[in-house]
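# Examining the three-dimensional arrangement
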Amino acid sequence: MARKETITIQNILDTAFAMTREEGFANVTARKVAARAGCSTQPIFRVYKNMDELWDAVYQQAISFFQDYYSLYPKTRKTPFVNLGMAYIAFAREEKHLFELLFVSDSVRKRSMYELLNGNAGNVVYEINLARVQGCPDPSDLFMKMWIFIHGAACMSLTGDYDLPDMQTMDLLERSYEAFVGKR
């Protein structure tokens, strides 16, 4: 009778993903994953051809995690791009290593920032259409202007240089939107 596998592909992926969240993607090695999962490296390479395949799986899980995070983030404002911006900045603050993996690191990125943000639900397209409905003459251009501020704030939160409270950040996003549209 064959011995029952105790370490599954899901155990390995969950371990590697947890390590990415806590320590960063660069620290996910076969030996470290094996040690944390309580096994040798053999089960890892039984289910993954190589570490690149495991890293791809971790990357895909990080994308799903961000999409779930965004979909569950409270949408409290009607001004276009504010809810998306708030979720993005909060994600950077709360999930530093995943944020770096998805939105900062160019060595791993397999999807553009726009693809990641837009997600399966069309998050960016929704915001652009909302801006259009609210009378913005060029919502795609407005998105780029807003995104410079949003991404900058999120990156600053990685280093601890952005520490404004949420209410102040929402106010800044709304005022930026109005200034770019020409309402102020």
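Structure: above.
The shown structure was predicted, so the numbers you read here are calculated from the model rather than taken from an experiment.

What counts as what
Counting from 1, residues in each chain are numbered in the order their sequence is written. Residues qualify for local features only when their pLDDT is at least 70, as the model is predicted, and side-chain atom pairs are given and counted only at 80 or more; totals for whole chains, interfaces and linings, by contrast, use all residues. Side-chain descriptors were evaluated using all non-hydrogen atoms of the structure, hydrogens and water having been removed beforehand. Strands are runs of DSSP state E lasting at least 2 residues, helices are runs of H or I lasting at least 4, and numbering of each runs from the N terminus. By definition in these notes, contact holds between two residues if any of their heavy atoms fall within 4.5 Å. Areas reported here follow the Shrake-Rupley algorithm with a probe of radius 1.4 Å; residue values treat only the protein chains shown as occluding. Here the term buried applies to any residue with accessible area under 20% of the maximum for its type, exposed to any over 50%, and partly exposed to those in between, with areas from a 1.4 Å probe on protein chains only. This arc describes the spread of directions from the helix axis toward the C-beta atoms. Simply put, an axis is a line fit to the C-alpha atoms, just over the touching stretch for a helix, and the angle between two N-to-C directions goes from 0 to 180 degrees. Comment on the angle field: the value is read as roughly parallel under 35 degrees, roughly antiparallel over 145, roughly perpendicular from 65 to 115, and oblique elsewhere. We call a crossing left-handed when the near helix sits turned anticlockwise from the far one by less than a right angle, and right-handed when that turn is clockwise. Classification convention: Asp, Glu, Lys, Arg as charged; Ala, Val, Leu, Ile, Met, Phe, Trp, Tyr, Cys, Pro as nonpolar; all other residues, Gly among them, as polar. Working definition: a ring pair exists when centres of Phe, Tyr or Trp rings (six-membered ring for Trp) sit within 6.5 Å. Plane angles under 30 degrees give stacked, over 60 give edge-to-face, the rest tilted. Any Lys NZ or Arg CZ found within 6 Å of a ring centre and within 35 degrees of that ring's normal is scored as a charge over the ring. A helix's residues, less one, multiplied by 1.5 Å, set its expected span.

The next thing to look at is the overall build of the protein. Each helix and strand counted, the protein has ten helices and zero strands in total. Projected onto its principal axes, the C-alpha coordinates of the protein cover approximately 75 × 30 × 25 Å. Within the protein, contacts between residues at least 6 apart in sequence are counted, and of these 64% link residues at least 24 apart. Here the protein displays about 10000 Å² of accessible surface, and carbon together with sulfur accounts for 53% of that area.

A word on helix α2 (residues 30–37). Listed in full, the buried residues belonging to α2 are Ala 30, Val 33 and Ala 34. Burial along α2 is one-sided: seen end-on, the buried residues are contained in an arc of 100°. Turned more than 90 degrees from where α2 packs its buried face, Arg 31 and Ala 35 sit exposed. At the exit of α2 stands Gly 38, carrying a positive phi of roughly 75°.

Let's shift gears to unusual backbone geometry. Most peptide bonds take the trans configuration, and most residues that are not glycine carry a negative phi. At Phe 81, a position not held by glycine, the phi torsion is positive, near 75°. A relative accessible area of 1% places Phe 81 in the buried class.

Moving on, we get to the environment of Leu 117. Within the secondary structure, Leu 117 sits in helix α7 (residues 113–118). Setting aside residues up to four positions removed in sequence, Leu 117 forms contacts with Phe 66, Tyr 88, Phe 103, Asn 123, Val 124, Phe 143 and Trp 147.

Let's shift gears to the packing of helix α6 (residues 96–104) against helix α9 (residues 139–159). At a minimum axis separation of 10 Å, α6 and α9 run at an interaxial angle of 135°. Comparing the axis directions of α6 and α9 gives the class oblique. Pair α6 / α9 crosses with left-handed handedness. Along the contact surface, α6 presents Lys 96, Phe 99, Glu 100, Phe 103 and Val 104, while α9 presents His 151, Ala 154, Cys 155, Ser 157 and Leu 158. A per-class count over the contact of α6 with α9 returns six nonpolar, two polar and two charged.

So, about the packing of aromatic side chains. For the coordinates displayed, the defined rule picks out 15 aromatic pairs. Ring plane angle 70° and centroid distance 5.0 Å describe the contact between Tyr 88 and Phe 99, whose orientation is recorded as edge-to-face. Residue Tyr 88 is found in helix α5 (residues 82–94), and its partner Phe 99 is found in helix α6; the two are separated by eleven residues along the sequence. Across this residue pair, the class does not change: Tyr 88 and Phe 99 are buried. Lys 75 extends its terminal NZ or CZ atom over the ring of Tyr 70, reaching a point 4.1 Å from the ring centre.

Another point: helix α1 (residues 9–23). A rise of 1.5 Å per residue sets the reference length of α1, with its 15 residues, at 21 Å; its end C-alpha atoms lie 21 Å apart and thus fit the reference within 8%. Buried residues of α1: Ile 12, Leu 13, Thr 15, Ala 16, Phe 17, Met 19 and Thr 20, and no others. Elements in contact with the buried residues of α1: α2, α3 (42–47), α4 (51–72) and α6. Note on α1: the residue one or two positions beyond its end, Gly 24, has a positive phi of about 100°.

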